[in-house]
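Observations on the three-dimensional arrangement
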Amino acid sequence: MKKQTRALELLMLTGWLAGFTAPEAALAQGGAGSSLQIQTVVSQDKNFQYGVQCLHANRYRDAQYYLEIYTKRAPADWQAQYYLALCREKLGKVEEAGKLYKEVALNCLEKPLGLSAVTALKHIDPDWVKANIAVVKKVGNVTVPVKEKTTPFKPTHLSSTVKTPPSQSLPRETRVHFEPGTRGIKLKVEINGRPIEMLFDTGAAGVCLSKEQLSELGIKPPEGPHLGLTGGSANDTSIKYWRMKANVKVGSILRKDTEITVLESNADMPLLGQSFFKDFDYTIDQNAGNIEFKLKASPDPLNRAAYQVPFEFSERGNRILVMLEINGELVKVIFDTGNTASALSFSGQAQLKEAGLTLPADLKTTSMRGVSGSGYCKVFTIHKLRLGPIEKQDVEATVNERESGLEAPLLGQPFWAEWQYTIDMKRKMIEFVRRK
């Protein structure tokens, strides 16, 4: 007989009072091929339901994805937090799982759910259990844990910190207009008081333009040795770059003496990237043609009518990274408003391989342009892409003929074109609302 899972052992031991059902126990009860009914799913939240369904099917990465979305909105739902801990334990993230189990144990004292968390911790961190928990009380026929010591346990992963805004004065909120209907978001910008049109680009690290573009504004470009080499997503060409300080203004947002990157040449529009707007949450409405910026220090409540998709913000390169489902597999991609050419762009064959994709032999080749110049790519079709509420089939994607070295594929505007979205930098969440 195969060894039963810990959750099933607990089910047999305690009877799972209060109606709580562990996913693994339910799966073991149901047996292979059976149709499981999710028990005690109190929340009607779709992300919670999807998460539990994935957990039943042993799709732990997918379950973690949906449960993380839900628990950010409902951090005190300890049943969901237990499920999330179970996912992380199964994925080998033992330390993260342990932190969650501790929170569940200490917030569900005298309940069978607390016993389940303590049982898990006996395997993960037995010293913590000995120092903090003693099994001394019964609820019905079941022994449940209570807190041994009065020293408070301070959860860390559920709390969020707000970085102090820069010392320069920034508006609490402002609205910036752009011309609707264009594939790229082109904003009117001022550099040292000189007007220029720039591409709003969440995939760009900072404010970026060329020496020639600076000279056309009547601003003297930097001189001396270049600082290094950089490139774009269109090809593998390397371009020399310098840095300098300038005053950059969009609407009522003024960044004084902010650092900008100056390229030796730029074959495309100047870019307004993350270093300019990373202190703001922003909502983009492409139908109305405006972006509403709100300072992170004063966030609004979550929009309950919106679908939330979590993201990771990488300080290296100032990237917004999301988990995109490609033909059923989760792949980390860059959320890139500057990518207007295709729904998904791969930098080369290596990224395709990581995503589990192979290309047919007879694909058409097309040209593409970026800051580093023009390049060539293959156009192909992906059966299904999904990000939160957005699901598309037979999606056109591209892959560069020559590796550009970008760290992740670029998810572009054609994928979410029918949706209004808000980038919530404090909560690390993208909120999508379908346009009417």
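Refer to the preceding data block for the structure.
Predicted model only: the values in this text are computed from it and were never measured. (Residues numbered from 1 in each chain as written. Predicted model: local features only at pLDDT ≥ 70, side-chain atom pairs only at ≥ 80, totals over all residues. Heavy atoms only, no water.)

1. As for the sheet that holds strand E12 (residues 290-295)
Hydrogen bonds along the backbone pair up the strands of a sheet, which may run parallel or antiparallel. We count it as follows: The criterion for strand pairing is that DSSP finds at least two bridges linking the strands in question. The way it works is that DSSP assigns letters per residue, a run of H or I at least four long becomes a helix, a run of E at least two long becomes a strand, and they are numbered from the N terminus. All axes are obtained by fitting lines to C-alpha atoms, using only the stretch in contact for helices, and the reported angles, taken between N-to-C directions, cover 0 to 180 degrees. Should any heavy atoms of two residues lie within 4.5 Å, those residues are counted as being in contact.
Ordered by their spatial adjacency, 6 strands build an open sheet running E3-E12-E11-E22-E23-E13, and the pairing between neighbours is antiparallel. Lying at the two open borders of the sheet, with one neighbouring strand each, are strand E3 (173-177) and strand E13 (307-310). Averaged over neighbouring strand pairs, the angle between their axes works out to 20° when direction is ignored. Here strand E11 (residues 280-285) pairs with E12 via 6 bridges, running antiparallel. The residue bridging tyrosine 282 from the neighbouring strand is phenylalanine 293, located in E12. Sheet strands in contact with helix H4 (residues 60-73) are E13 and strand E23 (429-434), and its direction is about 115° off that of E13.

2. Describing the side chain of glutamine 213
The criterion, for reference: In this scheme, a residue with accessible area under 20% of its type's maximum is buried, one over 50% is exposed, and one in between is partly exposed, where area comes from a 1.4 Å probe on protein chains only. Throughout this description, a polar contact denotes any pair of N or O atoms lying within 3.5 Å of each other; where both atoms belong to protein, one of them has to be capable of donating a hydrogen while the other can accept it, and for residues adjacent in sequence the pair is counted only when both atoms sit in side chains.
Within the fold, glutamine 213 resides in helix H9 (residues 211-216). Given a relative accessible area of 13%, glutamine 213 falls into the buried group. A polar side-chain atom of glutamine 213 sits 3.2 Å from a polar atom in the side chain of asparagine 266. Here glutamine 213 is in contact with Asn266, Asp268, Met269 and Pro270, once residues within four sequence places are set aside.

3. Thoughts on the packing of aromatic side chains
Here is the rule: Each Phe, Tyr or Trp ring, with Trp reduced to its six-membered ring, pairs with another whose centre is within 6.5 Å; inter-plane angles below 30 degrees give stacked pairs, above 60 give edge-to-face pairs, and intermediate values give tilted ones. The rule is short: NZ of Lys or CZ of Arg within 6 Å of the ring centre and within 35 degrees of the ring normal puts a charge over the ring.
Tallied over the full model, the rule gives 19 aromatic pairs. Three or more aromatic residues joined by ring pairs make a cluster, and in this case those are Tyr307, Phe335, Trp416, Trp419, Tyr421 and Phe432. Seen from the ring of tryptophan 242, lysine 211 lies directly overhead, with NZ or CZ sitting 3.8 Å from the centre. One Lys or Arg, arginine 386, reaches over the ring of tyrosine 50 and ends 5.1 Å from the middle of that ring.

4. A short note on the packing of helix H5 (residues 78-90) against helix H6 (residues 94-107)
What counts is decided by this rule: Oblique is the label for any angle not covered by the other classes, which are roughly parallel (under 35 degrees), roughly antiparallel (over 145) and roughly perpendicular (65 to 115). The handedness criterion is simple: a crossing whose near helix is rotated anticlockwise from the far helix by less than a right angle is left-handed, and one whose near helix is rotated clockwise is right-handed. Just so you know the grouping, Ala, Val, Leu, Ile, Met, Phe, Trp, Tyr, Cys and Pro go in nonpolar, Asp, Glu, Lys and Arg go in charged, and all remaining residues, Gly too, go in polar.
Across the interface, H5 lies against H6 with an axial gap of 8 Å and an inter-helix angle of 155°. Considering their axes alone, H5 and H6 lie roughly antiparallel with respect to each other. The way H5 lies across H6 gives a crossing that is left-handed. Contact residues: H5 offers Trp78, Gln81, Tyr82, Leu84, Ala85, Leu86, Arg88 and Glu89, while H6 offers Val94, Glu96, Ala97, Leu100, Tyr101, Glu103, Val104 and Asn107. Along the lines of polarity and charge, the residues of the contact of H5 with H6 split into 10 nonpolar, 2 polar and 4 charged.

5. Some words on the nonpolar core
Threshold: For this analysis, a nonpolar core means a set of buried residues of the types Ala, Val, Leu, Ile, Met, Phe, Trp, Tyr and Cys, connected via side-chain atoms within 4.5 Å.
One finds Leu187, Phe200, Ile326, Leu344, Phe346, Leu411 and Phe432 to be the most contacted residues of the largest nonpolar core, which totals 100 residues. Among the elements that take part in this core, H5 stands out by supplying 8 residues, more than any other. The residues touching isoleucine 326, leaving out its near neighbours within four places in the chain, are Val331, Leu344, Phe346, Ala355, Leu357, Ile382, Lys384 and Leu385. Within the second largest apolar cluster, 8 residues are counted, among which are Leu199, Ala204, Tyr241 and Leu271.

6. Quick word on helix H3 (residues 46-56)
All of the buried residues in H3 are Asn47, Phe48, Gly51, Val52, Cys54, Leu55 and His56. Directly after H3, the chain includes asparagine 58, whose backbone phi takes a positive value near 60°.

7. Comments concerning the pattern of salt bridges
Where we set the bar: Salt bridges are identified by distance alone: a Lys or Arg side-chain nitrogen within 4 Å of an Asp or Glu carboxyl oxygen.
Counting across every chain of the model gives 13 salt bridges. Ionic pairing is found between glutamate 68 and arginine 88, a salt bridge with its closest N-O pair at 2.9 Å. With a gap of 20 residues between them, glutamate 68 in helix H4 and arginine 88 in helix H5 connect regions that are remote in the sequence. Taking the relative accessible area as the measure of exposure, glutamate 68 reaches 22% and is therefore partly exposed. A salt bridge links aspartate 125 to lysine 102; its shortest N-O distance comes to 3.0 Å. Separated by 23 residues along the polypeptide, aspartate 125 in the loop between helix H7 (112-124) and helix H8 (126-132) and lysine 102 in helix H6 bring together distant segments of the chain. When its relative accessible area of 14% is taken as the criterion, lysine 102 is described as buried.

These values are about where atoms sit, not about what they do.
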